[in-house]
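Residue strings, one per chain:
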Amino acid sequence: MIKINENYKKLQASYLFSDIAKRVTAFQQANPDKHIIRLGIGDVTRALPDACVKAFHAAVDEMANDATFHGYGPEQGYDFLREAIAKGDYQSRGCNIDTDEVFVSDGAKCDSGNFQEIFANDINVAIPDPVYPVYVDTNVMAGRTGQAEDGRYSGLTYLDGNKANGFIPDLPSEPVDLIYLCFPNNPTGATATKEQLQQWVDYAIANKALILFDAAYEAFVQDESLPRSIYEIEGARQVAVEFRSFSKTAGFTGTRCAYTVVPKDCTAYTASGEAVSIHDLWNRRHTTKFNSVSYPVQKAAEAVYSKEGRSQVQELVTYYLKNAKYIREQMEALGYDCIGGENSPYIWIDAKGDSWTFFDTMLNNAGVVCTPGAGFGKCGEGYIRISAFNSFENVQDAMSRISGAL
Ligand SMILES: *Cc1c(COP(=O)(O)O)cnc(C)c1O
């Protein structure tokens, strides 16, 4: 008899996006003429940069000809892309990262979900709240938690984000082995300073722990004093893995390309205390279970690092940040406390009440869709997230409707 992985039964169904969809559909049926503006989902809306589209087309043409055709590529990604990443994103910013420490993949969602499988089941895992749900659910599937109660799994160490700490969690009071961090943050838009990240790196070194740092939104950092990579922090090469993606920065959510940096200095330990290279383990896992990203997509991603590509990506980021700034200013003018929206495409707003009531007010009175913070964890209750991924015209329209409604 085929039996299931019982850990899957512990997963709490996330009703967040289906609940949102139901309420939106009901509203649209009752108000068929009303144009709904969606500032909820974390997906980009603008086209791929022209430099990427040109490289993408040219690579497809290569695939159409026997002489230039590409079959399987290296599992870790083509050198042309790994080199462009190591130079363009790290070495040029003073971070000592080598080409062969970069693993190209089809998404930071998969990488941030898969990485935990190279570690033991009895490690202590620390996860922020509110949070991108992938980190929690993949540890549940792997059997590192007990049952959920009141929205929290036993066996996990939750790192609370709240107004008092500015949604930058404090160090855990109990020892932990694996730590998930994400800055600029989804959903809160909060950013961490170098000093704050230094505390985490120092903690990881002292506790022989590992940080999984999700930098999917690094391109939105405008303040030059803020770190864009964990490797700007001293000691991070020993204790941190970084996930990045072309999804939010270059509009690749539907094209699929991302990468993970695993420095050769990162170590994990056997039960008897022998040090093992995390780079070797991940290389083994990646080459066994993954066959790389298509050649045309890697060529399109490489074009992000060309002169035109860089300025076109910057233009996209600036566009979304203008939306974010506008949303934040308008919400503050209406008397709401906001976090994010300055170095991030998300604005996290104190709803002055419960998340879903605020969501319903926004939908029914303004025809605007946002995301209730409660869907991202216990500490998200009482907040909503507004995303800057839409046209400036729609954002202006949404904000004038919200001012009228609130
Ligand atoms: C969007 C997002 C990602 C990127 O996922 P991809 O699979 O690369 O599209 C990763 N982490 C967070 C927190 C995100 O919001």
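Residues numbered from 1 in each chain as written. Predicted model: local features only at pLDDT ≥ 70, side-chain atom pairs only at ≥ 80, totals over all residues. Heavy atoms only, no water.

Undergrad: Any chance you could explain the sheet that holds strand E16 (residues 371-372) here in plain terms?
TA: Remark on secondary structure: sheet strands pair via backbone hydrogen bonds, oriented parallel or antiparallel. The strand order across the open sheet formed by four strands is E13-E14-E17-E16, and the pairing between neighbours is antiparallel. Two strands bound the open sheet, and with one partner strand each, they are strand E13 (338-340) and E16. Of the strand pairs in this sheet, strand E14 (residues 346-350) and strand E17 (residues 383-387) are connected by five bridges, and their pairing is antiparallel. Pairing of Ile347 across the sheet is with Ile386, part of E17. Against the sheet, helix H13 (residues 355-366) engages E16 and E17, with an angle of about 45 degrees to E17. (Pairing = 2+ DSSP bridges. Helix = DSSP H or I, 4+ residues; strand = E, 2+ residues; numbered from the N terminus. Contact = heavy atoms within 4.5 Å. Axes fitted to C-alpha atoms, helices over the stretch in contact; angles between N-to-C directions.)

Undergrad: For this particular structure, what's the right way to read the sheet that holds strand E6 (residues 156-160)?
TA: Spatial ordering of the open sheet is given by E2-E10-E9-E8-E7-E3-E6, a layout of seven strands whose pairing is mixed. The open sheet has two free edges, formed respectively by strand E2 (102-105) and E6, since each of these has just one partner strand. Strand-to-strand twist across the sheet, computed as the mean angle between neighbouring axes with direction ignored, equals 20 degrees. Bridge analysis of strand E8 (residues 210-214) against strand E9 (residues 240-245) gives four bridges, and the strand direction is parallel. In the strand pairing of E9, Leu212 is matched with Val241. In the packing of helix H6 (residues 134-141) onto the sheet, contacts are made with strand E3 (125-129), E6, strand E7 (178-182) and E8, and the angle to E3 comes to roughly 145 degrees.

Undergrad: Help me understand helix H12 (residues 307-333) in this model?
TA: In an α-helix, one turn spans 3.6 residues; hence positions three or four apart end up facing the same way. For H12, built from 27 residues, the straight-helix expectation of 39 Å at 1.5 Å per residue is met to within 8% by its first-to-last C-alpha distance of 39 Å. Burial in H12 covers these residues: Gly309, Val313, Leu316, Val317, Tyr320, Leu321, Asn323, Ala324, Ile327, Arg328 and Met331. With its phi angle positive at about 95 degrees, Gly335 sits one or two positions after the end of H12. (Expected span 1.5 Å × (residues − 1). Buried < 20%, exposed > 50% of the residue type's maximum accessible area, 1.4 Å probe, protein only.)

Undergrad: Explanation requested: the site of the ligand in the structure shown.
TA: Around the ligand, 14 residues are found, and the nearest of them are Asp214, Tyr217, Ser245, Ser247 and Lys248. At a separation of 2.8 Å, an oxygen atom of the ligand approaches a polar side-chain atom of Asn186. Of all the elements in the fold, those that place two or more residues in the shell around the ligand are helix H5 (108-114) and helix H9 (247-250). Here the residues of the shell around the ligand are counted per class, giving six nonpolar, four polar and four charged. (Near = heavy atom within 4 Å. Polar contact = N/O pair within 3.5 Å; in protein donor to acceptor, adjacent residues only side chain to side chain. Nonpolar A, V, L, I, M, F, W, Y, C, P; charged D, E, K, R; others polar.)

Undergrad: I would appreciate a short explanation of the pairing of E3 in the present structure.
TA: The two faces of the sheet receive side chains in turn, since in a regular strand these alternate between them. With five of five residues buried, E3 is to be regarded as a mostly interior element. Neither face of E3 is exposed, since Val125, Ile127 and Asp129 on one face and Ala126 and Pro128 on the opposite face are all buried. Pairing analysis gives five bridges linking E3 to E6, with the strands arranged parallel. Residue Ala126 lies in a different strand from E6, and its bridge partner there is Thr157. As judged from the two bridges shared by E3 and E7, these two strands associate in the parallel manner. Residue Val125 lies in a different strand from E7, and its bridge partner there is Leu178.

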